[in-house]
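# Breakdown of the fold
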Amino acid sequence: MKYVLVTGGVVSGLGKGVTASSIGLILKACGLRVTSIKIDPYLNTDAGTMSPFEHGEVFVLDDGGEVDLDLGNYERFLDIKLTRDNNITTGKIYQSVLDKERKGDYLGKTVQVVPHITDAIQEWIERVAVIPVDGEDSPADICVIELGGTIGDIESMPFIEALGQFSYRVGAGNFCLIHVSLVPVLNVVGEQKTKPTQHSVRGLRSLGLTPNILACRSTMGLDDNVKEKLSRFCHVPVDNIVSLYDASNIWRVPLILRDQKAHEAILKVLDLKGVAREPVFGEWTSRTELCDRLHEPVRVAMVGKYTGLSDSYLSVLKALLHSSVACRRKLFVDWVPASDLEDETAKENPENYRSSWNLLKGVDAVLVPGGFGDRGVEGKILAAKYARENRIPFLGICLGMQIAVIEYARSILGLQNANSTEFDPNTQNPCVIFMPEGSKTHMGGTMRLGSRRTYFQVKDSKTAKLYGNRSFVDERHRHRYEVNPDMVQQFEDAGLSFTGKDESGRRMEIVELPNHPYFIGVQFHPEFKSRPGKPSAVFLGLIAAACGQLESLLKKGVAVTHGFSNGTSGEKLHRNGNATNLFNGSVDESICIGFTASLVKRYLGIELDSGLSFVVVAEAS
């Protein structure tokens, strides 16, 4: 196993997560298998109880792990499925050591940070690094480790010490340290300043770690003289100093690394130059360039509680982007604070009230994401009502689905006091209730979490078609409340269709309004499994409906735009087709070839990302 450690210096928020993901992707493009670990030095056991304002969104994994949003970047870039143990926190490490101490594993010894905590960190890394995350049975070739925070932070000191020991333990040729640092430009002086990076590297060296590669964040590419100065004072070869300048979209970051031959520097440090190939980015490059060329807009209103921090809805934004690119539209998100839509705001701040409603009325689609607490709930209900009555495409996720049900109960069933017991425990018409298996005393890890199966109840429903007419789908969940099963028949008699349910048939997973162009609510979080080139089905449906493409999309099956390394582009990926003509000399237009990437390469000479398993050929012979 080879290890790549990514650390950060000078300031937080430099984009270490995107850098680590991009490093993983470029190594994957070189033909290597990659896994990832994120180290968060905070004392929380996991990210589940932290406010999105504090730390961005909580990303949920298949196994129910509530983890840092950077693991979402890893999964999207590398198309892998990580586990909760791929996110290490100080809380997890100390808890594991204290559990051992209570069992008597350290009997007679004084338990200390060194060696017990540092050993536990190293053992955790080695154990998790060999867990397959890409569908194969064997361990990956390289593990990319991102250390959260900034060099010099008190809370990260045990991890720095452990990683210093770890680099010595695995030996030269098996460990590469990439330090991400800031090279600012002072407006008064107008030149790139290297001193912050020099101090950061000096601090890193004083803690026992020596960087092999410097990844310097800046607004513009580094000047040659700046690179030479950094090389001289930081003792890093000029060829190992990479400039990570501002890009038009984050999909360009791996290409920026490739263009500066960062992969060659990493492979040289890890003694892999004779093993790996030159990176192949065919589909990734085509998608990146397409994203920058798009100009026809699609506007989506994000009606939420945390609109002041976009990272609070990072996966939702990425899922919207994946879908808009697939529909060849330029995405514009209009942030609408839910509470600004309420009557109370009309009295207290009429200007905010007016501007928020004007935003809502000017969009092509409305999205209400998940959330907790009662702030802004009435505004979300009003947004759902507006979308339903004005036939605007609508998608409600988790709480967004629940408020759509509440709105329907109030407006159509005439139950004016209908509500969720989360917001009104004494409501006479509880449309949404607390799940019986939940805990009201402990907050962390007590929700319905992780991948759960949803069975489609109506075969010709929009969601069933969007998911390729399968009988079920596995999606990730994070909720404590659910639609009251005792009221389902009442809703369905009034025209609301629950088209997806769990295996018991009593837990509602998908709700649709059949006579609406696109009005769908899902109890799960489809954004967590959306990938570039493989957008989430319900997000794709929302954007397609907003662009007038839904009808053709539903007729064809799920269609995704792809570009390939042989120069062709615009092929459509869908689930229906016939591959029998592949080996007899000709392929009719738009025939689906259902083979793995390796077989497509072998018989057609087309390089695909390894995650792609089938492709439609437009014209071939």
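You'll find the structure just up there.
Overview of the structure.

Thresholds applied
Residues numbered from 1 in each chain as written. Predicted model: local features only at pLDDT ≥ 70, side-chain atom pairs only at ≥ 80, totals over all residues. Heavy atoms only, no water. Helix = DSSP H or I, 4+ residues; strand = E, 2+ residues; numbered from the N terminus. Phe/Tyr/Trp six-rings, centres within 6.5 Å; stacked < 30°, edge-to-face > 60°. Buried < 20%, exposed > 50% of the residue type's maximum accessible area, 1.4 Å probe, protein only. Patch = residues over 30% accessible without salt bridge, like charges linked within 9 Å, V, L, I, M, F, W, Y side chains within 5 Å. Areas by Shrake-Rupley, 256 points an atom, 1.4 Å probe, with all protein chains shown as cover. Salt bridge = Lys/Arg side-chain N within 4 Å of Asp/Glu carboxyl O. Expected span 1.5 Å × (residues − 1). Arc of directions from axis to C-beta. Pairing = 2+ DSSP bridges. Right-handed = clockwise from strand over helix to strand, strands pointing away. Lys, Arg positive; Asp, Glu negative; His and termini not counted. Charge placed at Lys NZ, Arg CZ, Asp CG, Glu CD. Axes fitted to C-alpha atoms, helices over the stretch in contact; angles between N-to-C directions. Contact = heavy atoms within 4.5 Å.

In this section: unusual backbone geometry. Backbone phi values are negative for most residues with the exception of glycine, while trans is the configuration of most peptide bonds. Residue Val 114 is joined to Pro 115 through a cis peptide bond whose omega torsion reads 15°. Tracing the chain through its elements places Pro 115 in helix H5 (residues 113-129). Phi at Asp 79 is positive, roughly 55°, even though this residue is not glycine. Mapped onto the secondary structure, Asp 79 falls in the loop between helix H3 (70-78) and strand S5 (87-89). Positive phi values are uncommon outside glycine, yet His 235 reaches one of about 60°. Residue placement: His 235 occurs in the loop between helix H8 (224-234) and strand S9 (241-245).

Here the structure, examined in full by the defined rule, presents 13 aromatic pairs. On the numbers, 4.8 Å between centres and 80° between planes, the contact of Tyr 3 with Phe 166 is edge-to-face. Taken together, the residues Tyr 3 in strand S1 (residues 2-8) and Phe 166 in helix H6 (residues 157-170) connect sequence positions 163 residues apart. Given the relative accessible area of 4%, Tyr 3 is considered buried.

Let us now look at a nonpolar patch on the surface. A cluster of nonpolar side chains, namely Tyr 94, Leu 98, Val 113 and Val 114, defines an oily patch on the protein surface of about 320 Å² accessible area. Mapped onto the nonpolar patch, the elements with two or more residues apiece are helix H4 (90-103) and H5.

Take helix H7 (residues 195-206) next. Between its first and last C-alpha, H7 extends 16 Å over twelve residues, near the 16 Å set by a 1.5 Å rise per residue. For H7, the full list of buried residues reads Thr 197, Gln 198, Ser 200, Val 201 and Leu 204. For H7, the buried positions fall inside an angular range of 165° around the axis, keeping them on one side. Count one or two residues on from H7 and you reach Gly 208, which has phi positive near 100°.

To continue, consider the pairing of strand S13 (residues 394-397). A regular strand places its side chains on the two faces of the sheet in alternate fashion. Burial along S13 is two-sided: the residues Phe 394 and Gly 396 and Leu 395 and Ile 397 are all buried. One ladder, built from three bridges, connects strand S12 (residues 365-368) with S13; its direction is parallel. Note that in S13 the partner of Val 368 across the bridge is Gly 396. Taken together, S12, helix H15 (residues 377-389) and S13 constitute a β-α-β crossover, and its handedness is right-handed. Pairing between S13 and strand S21 (residues 519-522): four bridges, direction parallel. Paired with Leu 395 across the strands is Ile 520, a residue of S21.

On the surface, a cluster of positive charge is contributed by Lys 195, Arg 202, Lys 229 and Arg 232. Listing elements by their share of the positive patch, those giving two or more residues are H7 and H8. Tracing the chain through its elements places Lys 229 in helix H8.

The subject of this paragraph is the sheet that holds S21. Across the sheet, which stays open at both edges, the nine strands sit in the order S11-S10-S12-S13-S21-S20-S19-S16-S17 with mixed pairing between neighbours. The open sheet has two edge strands with one neighbour each: strand S11 (330-337) and strand S17 (472-479). Here the average twist between neighbouring strands, direction ignored, is 25°. Relative to the sheet, helix H16 (residues 399-411) contacts S12, S13, strand S19 (497-501), strand S20 (508-512) and S21, its axis offset from that of S13 by approximately 115°.

For S9, the buried fraction is high: four of the five residues fall into the buried class. In terms of strand pairing, strand S8 (residues 213-218) meets S9 through five bridges, oriented parallel. Pairing of Cys 216 across the sheet is with Ser 243, part of S9. Taking the sense of rotation as the criterion, the β-α-β connection linking S8, H8 and S9 turns out right-handed.

For the rest of this paragraph, the subject is the pattern of salt bridges. Oppositely charged side chains can form a pair if their charged atoms are brought close together. The tally for this structure, following the rule as stated, stands at 31 salt bridges. Of the charged contacts, one joins Asp 40 and Lys 38 as a salt bridge, the two residues approaching to 3.1 Å between their closest N and O atoms. The exposure class of Asp 40 is buried, given its relative accessible area of 3%. By relative accessible area, Lys 38 is classed as buried at 3%. Of the charged contacts in the structure, one is a salt bridge between Asp 79 and Arg 531, with a shortest N-O distance of 3.5 Å. With Asp 79 in the loop between H3 and S5 and Arg 531 in the loop between S21 and helix H19 (537-547), this pair connects stretches of sequence that are 452 residues apart.

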